[in-house]
Amino acid sequence: GEAAHLDKISCGMNDDPMASGPDASALAASDTVIIVAYHLPIIITRTAGGGYNVEWDDDRGLNRDGMNLPSQCIYIGCIDMEVTDEAEQESIERLLLENYSCVVLFLEPELKAAYYHGFCRGYLTPILHNQMHQHRGVDPFQEGEWRAYCTVNRLFAAKVMEVYSPGHMIWVHDYHLMLLPSCILRKLRSAKIGLFIHAPFPASDLWGSVAVRTELLRSLLNADLLGFLLFEYTRNFLSCCKRMLGLEYEFHKGGYLGVEYEGRHVMLQVATFGISPPKLEARLAAMSHAASGRAAFHGHAHAPLAAPTDCAAELGSAIAQVCSSGRVVVGGVDYLDRLKGVAPKMLAWEALLRDYPHYRNGHVLLQVCVGARNKIHIQEAGQVEAEITRIVERISAAYPGTVHFEVRSSLSPAARLQLWAGMGMLVGTQLREAVNVWPLEYVYSRHLRGLPAGVLVLSEFSGFARVLNGGLRVNPNSQKELVEALDTALRMAPAERLARGLKDLAHIQRCTLEEFANRFVTDLKATTTKREEDFVSVGFGLSSFRMVGMGAGFKPLDVVESLDKFQRSSHRALLLDWGGTLTPADAGLYDTRDSTDGHVVPQRVLNALQTLCADPKNHVMILSGLGKEKVLAAFGSVPNLSLAVEHGFTYRVQGGQWQQLVHGVDTSWRSVAASVMQRYCTVTHGAYVLSKGSSMAWNFADSDPEFGVMQAKEVQFALQHVLSAFPVVVRTGKGYVEACLKDVNKGVMAERFVDLCQGGGARPLDFVLCIGDDSTDELMFGHLHQKLGKHARQLLTSTVGRKPSEANSYLNDHGEVLELLELLCTHGNHPPGSQPAAASSMRRMAAPVASGGMSASYQNLAALG
């Protein structure tokens, strides 16, 4: 089922409108990819003569020959061999860099243990595999292990910067390095970063139990391209983004998913991992050649398990005897990890022999377990082995000769290929697993050797069970279902075996390792090329750090230039938002139904407004979304100050009469809208109705994020249907559905105010300053740009906080807004060109920096993505 969906979603990004040209994504020999993984895809050992034997590790899918990328590759990672001597470390570094383009990172044993065995394997792995941690006297989250994880990611980032040059692409692999995008972007803001997660990604309730969930989630979103093996994992990730960061996703042209995050486009790719058929063919050919040579030398033909001498010695005579006994061999090769589900497999085999007596003769279960993953010992291997051994001993006592169980510290690829030749059926009962290419190897190697098609029995919780449609999918937690699947597989007719095998073979030949690697790097290259000046890094800690896209030409407000324009003008208009602009943003401590912006207007603000309004050259207006009573209570004491309330529904110019932006409004729609909204409030926990003079809003910000969105769509459709005859528009925002009068918003009000200032024979405005901080103020910027021209000399638009905006510039926070107003008050009537020291100081404060804190107004009110 999911295979067809994968092909649709995992298309390249050549049609991406953000790509710089039609051939921008084609890989070339001049391109360079920096591939970063915890383990380097090489095997290095010491030789007797004091040298080193180095070869590419075919078992790790990142090896250069397997991926066959046309571009240059630089690898960064650790090696398995322990090296403590600094001189030897330098020698190995030089050897691997010069001959293999590999940059090796050496970790101290204590740091490595806390990082890999502690945080990665001990803390993250269970959660990624849907295993909830339980507190049993000790907190499963250890601060020291988390610090080790952060430290190692920073060390990897330092290695990346040693070899990085502009234009290089960075491809990060797996959950060991989820902090690496943030670490890299702190120094390389324009770097193109892709990250592929080989492990499963858990559901949002599991990920929500991670103590550092936000830090890891934000770092993942600092990548340009994220890859997952299955759409299920992608969906889980998107659900986490929705529930924990309030982010929405959308499908983009070309069939890929995207998340808009802080003004950046983060692309998501669903891509099936695979094997390298040419590499597997070459290995089998080498084995066949060696076997043929020995057969000619000894003068006899070999059995199906014939292998080179070292391979035969590795497998041992016991396994060779099982495979050549003439019995039906049901096989399994797994790591000694509890998540691999070997115990359920053994219990199901025991039940099969008990319930189906005819399988007690002529059938054997051959189970080989490997006690080390990537040459690193699995810590729980001893406990798992003891559990399995007890089951095996019980089966052997009841049904002698029906099970053979062995544990190996390692298993070479050649030995594994020999096992596939002797197994008529491969059974995988993993409780949770993402990438495991051994079933693909099994199918393809038997095909190449001309052996009869084997049968795959795969756990539905294994990643490749979703795409190998020829196998039998089972729930390993149901012994009855597993026993029935084993019986079905053992009774399967040769014609059905062949048909199922051909389906799997077609997928293996189509979704290869080469195709996967080329597609991912091609899509990474096709992402938009970032310019340093268009992005700023924001936040100091891992939980708040992110890259913010500013847009071309977006810069801090030039205070000196603004003051000079103010001094040279004689007819001015100032349009100012209230909360988050003149005062700090609402910190979220108050219910929005009763909010007064959470703050009293400081006297300094009132004094500055009074001074500006006292100058006959100035027209000053405060625009707020709050009601008339609250706005008057805050600003009513300022003479000649124009006020617009409820986003402009009602306004007054200076001390004049209150007027409505739209006259003769039919308000009977309000009762209709209220009935619809109240009905949905009763079935949506946390939702409420917020009523204003010009609008009514159904607010679901406190509801379940996903259920709230579904209900919001229903509310939107219902309101559009019942209000279609009224002059009302229904629009959605972040956490609300609003029914409001047409042509009533801050943008229309700003245009009206400009017209009033210039009407009645008045001179045209030669200075217009508009400042706001949230999404409703974006309408002011847009309408004024449309009316006066975005680059009109007399127009200055500025948002508060560094964030994506329609404005042409930004001020860091409400404090800088107040300082600007005070400068205009004290020096606005000075001769043009006079610049007080304070203005130069503000200009320095507003200058962009490589990293810094985001203003509070941005964190709470800017909901533009």
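Residues numbered from 1 in each chain as written. Predicted model: local features only at pLDDT ≥ 70, side-chain atom pairs only at ≥ 80, totals over all residues. Heavy atoms only, no water.

Side note on the overall build of the protein chain
And step 1. Of regular secondary structure, the protein chain possesses 28 helices and 34 strands.
And step 2. Looking at the protein chain as a whole, 56% of its 865 residues are labelled buried.
And step 3. Restricting the contact set of the protein chain to residue pairs at least 6 apart, pairs at least 24 apart contribute 73%.
And step 4. Working note: accessible area of the protein chain is about 34600 Å², and carbon and sulfur atoms make up 52% of it. (Helix = DSSP H or I, 4+ residues; strand = E, 2+ residues; numbered from the N terminus. Buried < 20%, exposed > 50% of the residue type's maximum accessible area, 1.4 Å probe, protein only. Contact = heavy atoms within 4.5 Å. Areas by Shrake-Rupley, 256 points an atom, 1.4 Å probe, with all protein chains shown as cover.)

Some thoughts on the sheet that holds strand β23 (residues 572–577)
And step 1. Taken together, 9 strands build an open sheet; the order of strands is β22-β34-β33-β32-β23-β24-β25-β26-β27 and the sheet is mixed. With one partner strand each, in any of the chains shown, β22 (555–556) and β27 (659–660) form the two edges of the open sheet.
And step 2. Two elements, strand β32 (residues 767–772) and strand β33 (residues 795–800), share 5 bridges in a ladder whose sense is parallel. Looking at the pairing, L769 lines up with L796 of β33.
And step 3. Here helix α26 (residues 814–827) sits on the sheet in contact with β23, β32, β33 and β34 (809–811), set at roughly 160° to β32. (Pairing = 2+ DSSP bridges. Axes fitted to C-alpha atoms, helices over the stretch in contact; angles between N-to-C directions.)

Some thoughts on the pairing of strand β3 (residues 52–56)
And step 1. Looking at chain direction, strand β2 (residues 42–46) and β3 are connected through 5 bridges and run antiparallel. The residue of β3 that forms the bridge with I42 is W56.
And step 2. Connecting β2 to the next strand, β3, in antiparallel fashion are 5 residues, including G50 with a positive phi near 90°.

Overview of the sheet that holds strand β18 (residues 455–459)
Sheet strands pair by backbone hydrogen bonding; their relative direction is either parallel or antiparallel.
And step 1. Reading across the sheet, the 6 strands line up as β16-β13-β12-β17-β18-β19 and stay open at both edges, with parallel pairing between neighbours. Edge positions in the open sheet fall to β16 (403–408) and β19 (472–474), since each of these has one partner strand only. Averaged over all pairs of adjacent strands, the angle between their axes in this sheet comes to 20°, without regard to strand direction.
And step 2. With 8 bridges joining them, strand β12 (residues 328–335) and strand β13 (residues 363–370) adopt parallel strand pairing. Pairing of V328 across the sheet is with H363, part of β13.
And step 3. Seen against the sheet, helix α12 (residues 342–355) touches β12, β13, β16 and β17 (425–428) and runs at an angle of roughly 170° to β13.

Points about empty space enclosed by the protein
And step 1. Enumeration over the complete set of coordinates arrives at 1 cavity of 30 Å³ or more.
And step 2. Each pocket or cavity is described by its volume, and for the largest cavity that value is around 60 Å³.
And step 3. For the lining of the largest cavity, the elements supplying multiple residues, two or more each, are β12, β17 and α15 (438–448).
And step 4. Sort the elements by how many residues they give to the lining of the largest cavity and β17 lands first, with 3 residues.
And step 5. Of the residues assigned to the lining of the largest cavity, the class counts are 7 nonpolar, 3 polar and 1 charged. (1 Å grid on protein atoms, 1.4 Å probe; cavity = no way out; pocket = protein on both sides within 12 Å on 5 of 7 lines; lining within 4 Å. Points joined across faces, edges and corners; volume = space filled by probe spheres on them. Nonpolar A, V, L, I, M, F, W, Y, C, P; charged D, E, K, R; others polar.)

Section: the pattern of salt bridges
And step 1. On inspection of all chains with the given rule, the structure shows 29 salt bridges.
And step 2. When salt bridges with common partners are traced through the structure, they connect E232, R432 and R466 into a single cluster. (Salt bridge = Lys/Arg side-chain N within 4 Å of Asp/Glu carboxyl O.)

A short note on helix α16 (residues 479–491)
For the α-helix, the turn length of 3.6 residues means that residues three or four positions removed from each other point alike.
And step 1. For α16, with 13 residues, the first-to-last C-alpha span of 18 Å sits near the 18 Å given by 1.5 Å per residue.
And step 2. Every buried residue of α16 is accounted for by L482, V483, A485, L486, D487, A489 and L490. (Expected span 1.5 Å × (residues − 1).)

Comments concerning the packing of aromatic side chains
And step 1. On inspection of all chains with the given rule, the structure shows 28 aromatic pairs.
And step 2. Geometrically, the ring pair formed by Y38 and Y116 is stacked, given 5.0 Å between the ring centres and 15° between the ring planes. In this pair, Y38 sits in strand β1 (residues 32–39) while Y116 sits in helix α4 (residues 109–128), placing the two residues 78 residues apart along the sequence. A single burial state applies to Y38 and to Y116, both of which are buried.
And step 3. Ring centres of W146 and Y149 lie 6.0 Å apart, and the angle between their planes is 20°; on these two criteria the pair is classed as stacked. Highlighted residues: W146 and Y149, both in helix α5 (residues 143–163), separated by 3 residues, approximately one helical turn. Taken individually, W146 and Y149 each receive the classification buried, so the pair is uniform in this respect.
And step 4. A network of ring pairs unites the aromatic residues Y38, Y115, Y116, F119, Y123, F141, W146 and Y149 as a single cluster.
And step 5. Between R572 and the ring centre of F566, over which it is positioned, the NZ or CZ distance is 3.8 Å. (Phe/Tyr/Trp six-rings, centres within 6.5 Å; stacked < 30°, edge-to-face > 60°. Lys NZ or Arg CZ within 6 Å of the ring centre and 35° of its normal.)

Structural notes on the state of the cysteines
And step 1. Taken as a whole and assessed by the stated rule, the structure comprises 0 disulfides.
And step 2. Lacking any disulfide linkage, C240 is separated from the closest cysteine sulfur, that of C241, by 7.0 Å. (Disulfide = S-S within 2.5 Å.)

Some details on the nonpolar core
And step 1. Counting residues in hydrophobic clusters, the biggest one holds 181 residues, and the most contacted among them are I79, L96 and F237.
And step 2. The dominant element in this core, judged by the number of residues it contributes, is α5, at 9 residues.
And step 3. Within the second largest apolar cluster, 38 residues are counted, among which are A634, L821, L824 and C825. (Core = buried A, V, L, I, M, F, W, Y, C linked by side-chain atoms within 4.5 Å.)

Structural notes on helix α23 (residues 705–722)
And step 1. Taking 1.5 Å per residue, 18 residues should reach 26 Å; α23 reaches 26 Å between its end C-alpha atoms and fits that length.
And step 2. Within α23, the full set of buried residues consists of G708, V709, Q711, A712, V715, Q716, A718 and L719.
And step 3. In this fold, the buried residues of α23 make contact with α9 (231–245), α22 (669–681), β29 (695–699), β30 (728–733) and β31 (736–741).
And step 4. N-cap assignment for α23: the residue whose side-chain oxygen lies 3.1 Å from the backbone N of E706 is D704. (Polar contact = N/O pair within 3.5 Å; in protein donor to acceptor, adjacent residues only side chain to side chain.)

A look at the packing of helix α19 (residues 559–568) against α26
And step 1. Interhelical geometry of α19 versus α26 gives an angle of 40° and a closest axis separation of 10 Å. One finds that α19 runs oblique with respect to α26. In this structure, the crossing between α19 and α26 has a hand that is right-handed. Of the residues in α26, those touching α19 at V559, L563, F566 and Q567 are L820, L823, L824 and H827.
And step 2. Each residue belonging to the contact of α19 with α26 can be placed in one class, and the counts come to 6 nonpolar, 2 polar and no charged. (Parallel < 35°, antiparallel > 145°, perpendicular 65-115°, else oblique. Left-handed = near helix turned anticlockwise from the far one by under 90°.)

Observations regarding the environment of H571
And step 1. Looking at the element boundaries, H571 is found in the loop between α19 and β23.
And step 2. On the accessibility criterion, H571 (7% relative accessible area) is buried.
And step 3. The spatial distance from the C-alpha of H571 to the C-alpha of P764 is 7.2 Å, given a sequence separation of 193 residues.
And step 4. Residues in contact with H571, not counting those within four places in the same chain, are K617, H619, C757, A762, R763, P764, L765, D766 and F767.
And step 5. Separated by 3.2 Å, the side chains of H571 and H619 make a polar contact.
And step 6. Within the structure, the side chain of H571 is placed 3.5 Å from the backbone oxygen of C757, a separation counted as a polar contact.

Things to note about the pairing of strand β10 (residues 256–261)
And step 1. Most of β10 sits inside the fold, with 5 of its 6 residues counted as buried.
And step 2. Relative to β10, strand β9 (residues 249–252) is paired through 4 bridges, and the arrangement is antiparallel. Along β10, the bridge assignment pairs Y249 with V259.
And step 3. Looking at chain direction, β10 and strand β11 (residues 264–270) are connected through 5 bridges and run antiparallel. By the bridge assignment for β11, L257 is matched with L268.
And step 4. Connecting β10 to the antiparallel partner β11 that follows it, the hairpin turn spans 2 residues, and E262 within it adopts a positive phi of roughly 55°.

Structural notes on the environment of R446
And step 1. Here R446 is to be found in helix α15.
And step 2. Among the residues examined, R446 registers a relative accessible area of 7% and is labelled buried.
And step 3. Beyond its immediate chain neighbours, meaning those up to four positions away, R446 contacts W420, A421, M423, L451, P452, A453 and G454.

Considerations on unusual backbone geometry
Note: most residues except glycine have negative phi, and most peptide bonds are trans.
And step 1. We note that N130 has phi near 65°; this positive angle belongs to a residue other than glycine.
And step 2. One can find N130 in the loop between α4 and α5.
And step 3. In the Ramachandran plot, D174 falls in the positive-phi region, its phi being about 75° despite a non-glycine side chain.
And step 4. Using a relative accessible area of 12% as the deciding quantity, one classes D174 as buried.

Worth remembering: the numbers are spatial, not functional.
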